[in-house]
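Close look at the chain arrangement
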Amino acid sequence: MSHIPSNLKYSKEHEWVRVEGNRAVIGITDFAQSELGDIVFVDLPQAGSTVQAGSTFGSVESVKTVSDLFAPVSGRVVRVNESLADRPEQVNEDPYGSGWMIEVEMDDPTELDQLLDAEGYQAHTSD
Amino acid sequence: MSSLTDLLGAEVLAVAWLDDLRHPQDNVDLDVRLGGEVARGLRPPLARVWRAAPEPGLAVSLRDLATAQAQAAADRLRGEGWLVVVRNTGGTAVPQGDGVLHFSLILPRTRRSGSTDAYYRLLTEVLIAWLAGYGVEAATGPLPGSYCDGQYNVVVGGRKLIGTAQSWRGGLAGMASGHPGYILAHACIMIDVDLVSGTRLINRFYAEAGLPDRVRAEASVCLRDLVPDDVLGAQAGSHGGAAFVPPVSARTPRWRADAAAAGLLAAAAAYFAARGIRTAAAAGAG
């Protein structure tokens, strides 16, 4: 059973969002990291770039498989987890903590309404 | 367990030899362009046979080039005339040049898409069936010390013949996504390559990139060393390909890659047809 914190929002593409004021911290869920297996590389945008909800913002490589990452909200990237360059395994070890990926200053916080709560995400992963 | 039609996303598959030898990076990126068309339903799922561009060098992954030191190492190799192309699948560096053949399954992502393992099994089953046609017995498994090592290497006699990798676009691998996308399951086949030179170049790249990966030439093998030229030529000829075996002096890496490509094209079509999948020639890459 994967861990689904109740204080986060979730996309159907298995990203989580932690809202801090007008900012959204984004990563992939425990379910996602478990399904992907050992993460060996994370390709993330640079701070200062913009991301669009529903569009790719980077990629994650598990053992010989590269996958797209989708932005759950739109906005400007204000912080990137640079430590993932040297220790991508943090995404496996602590997906909601040190395995976070980017922090975005949101253009439109109402986009959060399109995301799932923990219960909804639990149901989504059970489909 | 996913059915074959679940994995293909259709009951029809185009099987085609599509390559662009004059533009090496475009040749690699064609998988991405075709994948976008498959994802949007503009073309059916595709099994693509393609040759590497003739210039010797390497295909590296985005991960290989993640640091400035690695990019500088790649630039140095390019400056010396080596080809360095970047592929969109995972893994590590593989030799490129005349005598290297590629095989890509480019399939739409669906709500019933299976696991990455299921696509690796499909890819390698097609390749193992192709090799069986030459009388070569192959299996899958890891082979430490081989280039781009992984669980789904295709191995013959304890040495690696084929490396494999995947890319999932439109969401995370093996998981449901509301976005259209495609799955690229890719194989790189050493037909007739100087493995000593190729692995030396890989090791030089990683040393200059400051990365720990190292490979050994003796861990790998080429099809040239497993299949006599007359068998390679006869198989190609029986499928309408290179219908004759040229004099020894003309049996170049390119000739062997062409003959192998013709054989693989036919073997892939036969594999899917035998399992109830309608196969068709693909439209050009346009």
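Residues numbered from 1 in each chain as written. Chains lettered and ligands numbered in written order. Predicted model: local features only at pLDDT ≥ 70, side-chain atom pairs only at ≥ 80, totals over all residues. Heavy atoms only, no water.

Chain B is annotated in an unreviewed UniProt entry as BPL/LPL catalytic domain-containing protein of Alicyclobacillus cellulosilyticus.

Under the annotation held in an unreviewed UniProt entry, chain A carries the name Glycine cleavage system H protein and is attributed to Alicyclobacillus cellulosilyticus. Regarding chain A, the relevant UniProt record gives this comment under Sequence similarities (unreviewed entry): "Belongs to the GcvH family." According to the UniProt record, the Subunit (unreviewed entry) comment for chain A is "The glycine cleavage system is composed of four proteins: P, T, L and H." (UniProt positions renumbered as here; feature names shortened; annotations may be inferred.)

1. As for the overall build of chain B
In terms of helices and strands, chain B carries seven helices and 11 strands. The C-alpha radius of gyration computed for chain B amounts to 18 Å, which stays within 12% of the reference 19 Å derived for 286 residues, consistent with globular compactness. With respect to the three principal axes, the spread of C-alpha positions in chain B is 45 × 45 × 35 Å. Taking all 286 residues of chain B together, the buried fraction comes to 56%. If you take every contact in chain B between residues at least 6 apart in sequence, the share linking residues at least 24 apart comes to 76%. (Helix = DSSP H or I, 4+ residues; strand = E, 2+ residues; numbered from the N terminus. Rg over C-alpha atoms; globule rule 2.2 N^0.38 Å. Buried < 20%, exposed > 50% of the residue type's maximum accessible area, 1.4 Å probe, protein only. Contact = heavy atoms within 4.5 Å.)

2. Topic: the sheet that holds strand β3 (residues 57–60) of chain B
Residue and element names in this part refer to chain B. One open sheet holds the three strands; their spatial order is β4-β3-β5, and the pairing between them is mixed. Taken across any chain shown, the strands that pair with only one partner, and hence form the sheet edges, are β4 (83–86) and β5 (94–96). Here the strands of the sheet are splayed against their neighbours by 30° on average, with no regard to which way each runs. Pairing of β3 with β4 involves four bridges; the strand directions are parallel. (Pairing = 2+ DSSP bridges. Axes fitted to C-alpha atoms, helices over the stretch in contact; angles between N-to-C directions.)

3. What about the UniProt feature "modified residue: N6-lipoyllysine" (unreviewed entry) in chain A?
Annotation from UniProt places "modified residue: N6-lipoyllysine" (unreviewed entry) at K64 of chain A. Structurally, the position occupied by K64 of chain A is in the loop between β6 (56–62) and β7 (65–70). By relative accessible area, K64 of chain A is classed as buried at 7%. Once residues lying within four places of it in the same chain are set aside, the contact partners of K64 of chain A are G90, G91, Y120, C148, D149, G150, N153, T164, A165 and Q166 of chain B.

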